[in-house]
Amino acid sequence: MSEEVDQGRRRLLTAATSLTGAVGVVFVATPFLASWKPSARAKALGAPIEIDVSKLEPGSMLKVEWRGKPVWVLRRTPEMLKQLEKATPFLLDPASDGSVQPAYAKNDARALKPEYLVVLGVCTHLGCAPMPKFEAADVTVSADWPGGFYCPCHGSKFDLSGRVFKGVPAPANLAVPPYTFVTDGRILVGSDSTQSA
Ligand code: FES
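Residue indices begin from 1 for each chain and proceed along its sequence in written order. Since the coordinates come from a predicted model, pLDDT governs what is reported: local features require at least 70, and pairs of side-chain atoms require 80 or more to be given and counted, while whole-chain, interface and lining totals use all residues. Note that the side-chain values use all heavy atoms of the structure and ignore hydrogens as well as water.

Another aspect to go through is helix H3 (residues 78-87). Accessible area is worked out with a 1.4 Å probe on protein chains only. A residue is then buried under 20% of its type maximum, exposed over 50%, and partly exposed in between. Helical segments are the DSSP runs of H or I of at least four residues, strand segments are the runs of E of at least two, and each set is numbered from the N terminus. Along H3, the positions that sit buried rather than exposed are Met80, Gln83, Leu84 and Ala87. Angular distribution of buried residues about the axis of H3 spans 115 degrees; they occupy a single face of the element. Turned more than 90 degrees away from the buried face of H3, the exposed residues are Pro78, Glu79, Lys82, Glu85 and Lys86. Where H3 is buried, its residues touch strand S3 (69-75) and strand S7 (157-159). Directions pointing from the helix axis toward each C-beta atom define the arc. Note on definitions: a residue-residue contact is assigned when non-hydrogen atoms from the two residues lie within 4.5 Å.

See below:
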């Protein structure tokens, strides 16, 4: 008799435990699955962004954010473009062979249109933000400075195409994101599928 009661209790307890386990799985699994659905905000953060450069003066730079990273658009003057040649002998990766950029930016100007440099403003050493130092011979960098970007964290230097100089800790040129010109005055960063240049 007591044997039968014990068997009955055991079955009841086993069923209750299984039910609790099943409910527990449902509660744990629901937030896990929800976290895999990209929110509208997350989608927006990864989406391409359009930048109006129509009012950007020659020699000036615009800063925007794309995917949580700073993107710089520098409108270079003819003099700035000439400075690139002077810097070339002192660069670590002048042809951008070991650097990150789309194929159409693997050139001295590292750009679709030489006038506009589009780069990520993130030092390739440890991720600090380099400072614009566009003036040649800027003594806050060095007397023979050809103009470019200077990272204050550990002294890495980049030319006006974001190409890294030899003898500094940064191992590569500033990265160029994918981009295209939607019109002469508008750049789409994050997508080059409509590239027309
Ligand atoms: S992070 Fe730029 S030099 Fe180290």
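And the narrative resumes.
Inspection of the secondary structure assignment puts Val189 in strand S9 (residues 186-189). Residues Val189 and Ile51 lie 138 residues apart in sequence; the distance between their C-alpha atoms is 7.5 Å. Excluding anything up to four places from it in sequence, Val189 contacts Pro48, Ile49, Ile51, Trp66, Val71, Val118, Pro177, Pro178 and Tyr179.

Pairing of aromatic side chains requires ring centres within 6.5 Å, counting the rings of Phe and Tyr and the six-membered ring of Trp. Pairs whose planes differ by under 30 degrees are stacked, by over 60 edge-to-face, and all others tilted. Within the structure shown, the criterion is met by six aromatic pairs. Each ring, one from Phe134 and one from Phe149, has its centre 5.6 Å from the other, and the planes form 90 degrees; the classification is edge-to-face. Separated by 15 residues along the polypeptide, Phe134 in the loop between strand S5 (131-133) and strand S6 (148-150) and Phe149 in strand S6 bring together distant segments of the chain. Taken as a pair, Phe134 and Phe149 share a single burial class, namely buried. Here the aromatic residues Tyr104, Tyr116, Tyr179 and Phe181 are joined through ring pairs into a cluster of three or more. Directly above the ring of Phe181 sits Lys113, whose terminal nitrogen or CZ lies 4.2 Å from the centroid. The criterion for a charge sitting over a ring is simple: Lys NZ or Arg CZ within 6 Å of the ring centre, and within 35 degrees of the ring normal.

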